[in-house]
Amino acid sequence: MKSVRSMAVSLAAVLSLTAGIAGCSGGNSAKDNGAPANAAGKGNSSANAAPGGGYVLGEQPLEFSFYGHYDWYTMPNWGEDLSTKWIKENKKVNVVPISSGGNAKQKLSTMIVSGQLPDVIWTERGADVEQLRQAGALVPFDDYLDQYPNLKKWAGDETLNMLRSEDGKLYQFPNWYTTQPNGNTGYMVSKKIYNELGAPSLETTEDLYHYLLQVKQKYPDVVPLEVGQGAEGIDVLSSAFAENRPYQYSGKSMMAVPNGSELTSVFTDPAFRESLVYANKLFQDRLISQDAFTQTREQVEQKIITGKAAVYAASSPTEFGAIGNSLLEAEDPEAGYIMVWPVRKEGLDKNKIFPGSYNRLGWNVSVITTAAKDPEAIFAFLDWFTGPEGQRIIMWGPEGKYWKGTDEEGAPLFTDAFTTDTKGRDELMNATVNLQWNGNTVYVDNSKMKFESTLPEDKKSWETKWQSEITWKTQYDTTEFVNLAPAGDSQEGIISQSVAEIYEKARAQAVMNAAGEAEVLAILDKADKDAQAVGYADLLAFKTRKWQENLSKLK
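Note that the structure is a prediction, hence the values are computed from the model and not measured.

## Concerning the packing of helix α18 (residues 441–452) against helix α19 (residues 462–469)
Then comes step 1: Running from N to C, α18 and α19 point in directions that differ by 105°, and their axes come no closer than 11 Å. With respect to α19, the axis of α18 lies roughly perpendicular. Note on element contacts: α19 touches α18 through Thr464, Gln467 and Ser468, opposite Lys448, Met449 and Glu452.
Then comes step 2: Of the residues that constitute the contact of α18 with α19, the class distribution is one nonpolar, three polar and two charged.

## Remarks on the packing of aromatic side chains
Then comes step 1: Using the criterion set out here, one finds 34 aromatic pairs in the structure.
Then comes step 2: Their ring planes at 90° and their centres at 5.1 Å tell us that tryptophan 396 and phenylalanine 414 sit as a pair that is edge-to-face. Highlighted residues: tryptophan 396 in helix α15 (residues 388–396) and phenylalanine 414 in strand β14 (residues 412–414), separated in sequence by 18 residues. Residue tryptophan 396 shares its accessibility class with phenylalanine 414, and that shared class is buried.
Then comes step 3: Every member of this aromatic cluster is reached through a ring pair, and the members are Phe64, Phe66, Tyr70, Trp72, Tyr73, Trp78, Trp122, Trp363, Phe381, Trp384, Phe385 and Trp437.
Then comes step 4: Taking the ring centre of tryptophan 341 as reference, the NZ or CZ of lysine 350 above it sits at 5.1 Å.
Then comes step 5: One residue, lysine 465, lies across the ring of tryptophan 466, its end atom 4.8 Å from the ring centre.

## What to know about the pattern of salt bridges
Then comes step 1: If you walk through the whole model with that rule in mind, you get 26 salt bridges.
Then comes step 2: A salt bridge links glutamate 427 to lysine 423, with the nearest nitrogen and oxygen atoms 2.7 Å apart. In this pair, glutamate 427 and lysine 423 both sit in helix α17 (residues 422–431), four residues apart, roughly one turn of the helix.
Then comes step 3: Classification of lysine 423 by relative accessible area gives exposed; the value is 60%.
Then comes step 4: Through salt bridges with shared partners, one network takes in Glu130, Arg133 and Asp167.

## Some words on the side chain of serine 265
Then comes step 1: Relative to the helices and strands, serine 265 resides in the loop between β8 (262–264) and α11 (270–284).
Then comes step 2: A distance of 3.1 Å separates the side chain of serine 265 from the backbone nitrogen of phenylalanine 267, its partner in a polar contact.
Then comes step 3: Ignoring anything within four residues of it in the chain, the contact list for serine 265 reads Asp528, Gln532, Tyr536 and Leu540.

## What about the layout of surface pockets?
Remark: the empty space left among the atoms is shown by a probe the size of a water molecule rolled over them.
Then comes step 1: Put simply, the second largest pocket is a space of about 500 Å³.
Then comes step 2: Around the second largest pocket sit 23 residues that line it, and Ala127, Glu130, Glu166, Asn483 and Lys546 are the ones nearest its centre.
Then comes step 3: If you list the elements that add at least two residues to the lining of the second largest pocket, you get α6 (127–134), α7 (150–163) and α22 (536–554).
Then comes step 4: With five residues, α22 is the single largest residue contributor to the lining of the second largest pocket.
Then comes step 5: Its residues assigned to classes, the lining of the second largest pocket comprises seven nonpolar, nine polar and seven charged.
Then comes step 6: Both domains that furnish three or more residues to the lining of the second largest pocket are identified here as domain 1 (62–180 + 360–453) and domain 3 (491–554).

## Quick word on α22
Then comes step 1: Between its terminal C-alpha atoms α22 stretches 27 Å, which fits the 27 Å expected from 19 residues at 1.5 Å a residue.
Then comes step 2: Taken together, the buried positions of α22 are occupied by Tyr536, Leu539, Leu540, Phe542, Lys543, Thr544, Trp547, Asn550, Leu551 and Leu554.
Then comes step 3: For α22, the elements touching its buried residues are α7, β7 (257–259), β8, α20 (491–512) and α21 (517–533).

## Some remarks on the sheet that holds strand β6 (residues 223–226)
Then comes step 1: What the four strands build is an open sheet, ordered β6-β9-β5-β10; its pairing is mixed. The open sheet is flanked by β6 and β10 (337–340), the only strands paired with a single partner. Direction aside, neighbouring strands of the sheet carry axes that sit 20° apart on average.
Then comes step 2: Two elements, strand β5 (residues 186–190) and strand β9 (residues 309–314), share four bridges in a ladder whose sense is antiparallel. Within the sheet, the bridge partner assigned to valine 189 lies in β9 and is valine 311.
Then comes step 3: Against the sheet, helix α13 (residues 318–331) engages β5, β9 and β10, with an angle of about 140° to β10.

The rules behind each value
- Going along each chain's sequence as written, the residues are numbered from 1 onward.
- At least 70 in pLDDT is required for a residue's local features to be given in this predicted model, at least 80 for side-chain atom pairs to be given and counted, and no such filter applies to totals for whole chains, interfaces and linings, which use all residues.
- The basis for every side-chain value is the complete set of heavy atoms in the structure, and neither hydrogens nor water enter the calculation.
- Simply put, an axis is a line fit to the C-alpha atoms, just over the touching stretch for a helix, and the angle between two N-to-C directions goes from 0 to 180 degrees.
- Secondary structure counts use DSSP, requiring at least four H or I residues in a row for a helix and at least two E residues in a row for a strand, with both numbered from the N terminus.
- Angle categories: roughly parallel below 35 degrees, roughly antiparallel above 145, roughly perpendicular from 65 to 115, and oblique for all the rest.
- The contact criterion used is simple: two residues touch if any of their non-hydrogen atoms lie within 4.5 Å.
- Each residue is assigned to one class: nonpolar for Ala, Val, Leu, Ile, Met, Phe, Trp, Tyr, Cys and Pro, charged for Asp, Glu, Lys and Arg, and polar for all the others, Gly among them.
- To pair, rings of Phe, Tyr and Trp, with the six-membered ring standing in for Trp, must have centres within 6.5 Å; the planes then decide the type, stacked if under 30 degrees apart, edge-to-face if over 60, and tilted in the middle.
- Exposure categories follow from relative accessible area, calculated using a 1.4 Å probe and restricted to protein chains: below 20% of the type maximum is buried, above 50% is exposed, and the middle band is partly exposed.
- Here, a charge over a ring is recorded when the distance from Lys NZ or Arg CZ to the ring centre is within 6 Å and its angle to the ring normal is within 35 degrees.
- Put simply, a salt bridge is a Lys or Arg side-chain nitrogen that is within 4 Å of an Asp or Glu carboxyl oxygen.
- Side-chain atoms alone can form a polar contact between residues adjacent in sequence; in general such a contact is a pair of N or O atoms within 3.5 Å, and within protein one must be able to donate a hydrogen while the other accepts it.
- Here a cavity is any set of points on a 1 Å grid over the protein atoms alone where a 1.4 Å probe fits but cannot get out, and a pocket is any open set with protein on both sides within 12 Å along at least 5 of 7 lines; a residue lines the site when it has an atom within 4 Å of a point.
- Grid points are joined across faces, edges and corners, and a volume is the space filled by probe spheres set on the points.
- These domain limits were set by an automatic method or by a database of domain assignments.
- One fewer than the residue count of a helix, multiplied by 1.5 Å, yields its expected span.
- DSSP bridges decide pairing: two strands pair if at least two such bridges lie between them.

Without other data, these values stay purely geometric and don't point to any function.
As structure tokens, then:
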């Protein structure tokens, strides 16, 4: 969930006015909010219970409202694609979308004030979910976990315990949770340029610097190092200057670096400081886009898919890389992209360099509100959805066309059409991307990898190849650092926003404006002093407490 500090009425204030929200939601109606009429209340027993005590999906129609709490999110119409059409017809489930209208903060505030909560909210983990929980607006899942076992089986007790609230109960259903590494952060390289320059070593930061100089001299119309929107590739570079250190430590989302049992200032962190000295040199030598801090996502995409970048460092370079590789190879078999093992400072162990990270809790979560008439039925659906059958259908469509049957481990047996009808397959998969609310990373990735291993090299997915060979091996487990962000309207949250502004300004100045190492370090020293003046020490103490609580849960 995004910060709600800028709501017309803050979420905390709204919830304090509506602490009895479960009791005042009874006026919920389809006419009022475009959702099915639901009575308020927790309703822990299902009206459609089977003789054994559990809800049987598909015996009776189930309809619930769903709100994605993001400005950018518009839920596709349920039942219009092959996957959800099958679910609607065979499982009798209909999901009614509630749109944010491009202003998620205001939309949620309005729904809370009016007492018209949706049945399910899809949002970020964190302090704002806790505020809803403290107001009594969420339904706990604990009574359902054993009756509907997919979530417990695939996520595991450790992950579920990390998601529990202060009262010890579980209210959050995770999305793309995992028990194994995943992620795409790293370095992508133009295959044709690399080979034409003699396929030189690209192992160290010195190797990279000299390679970029060669690119600049021979290919003047190509960006030597593309660092993506918001110059995130500069953050990725920080991982090259210390072992076991993903860039997220010094990124805006964390702005804290572990040192012993404490989280300490990013501005004084040696790896961060050294990485900005390096990035400053690249920028001053015009080896990085000169509009790196202002370019749009679309501008970055165009450079990648048209082959106008020699090296691309980003949190997910494969997103544009897979498209670009396909387009460029179609024009020239020698073109396209490869990935290289993450670069490192000379003397560091290459197997301890982690440009990116993953956490076992995954991305975001779904919560069921007390407005839901039958929360157990909704949980039963979400649990089926995250299980093998649900994941096969939402990822690859109903059984028959792209898969038929399963192996002894439940992985789909893909048909010839999966590799021959790539256009139809991709259209089907793209149609359901924004309907994958509780993805099961381990099941999906293992099914995909098992199939890929049976294919000849020329038939393997470009993205899957590099995930298996490089990116999944070089992502660091940062589960212990989840949920460190304070609530936006708390004292620590206000400090965090001030420190983030100082961080953003100092990072850009250090890269673009500093005339060498001394000035870079002076900018960072001043940023640390300014951050301390607005309460950075208190924020770091708060984050440290949260970190230590996480470690206790994990133990």
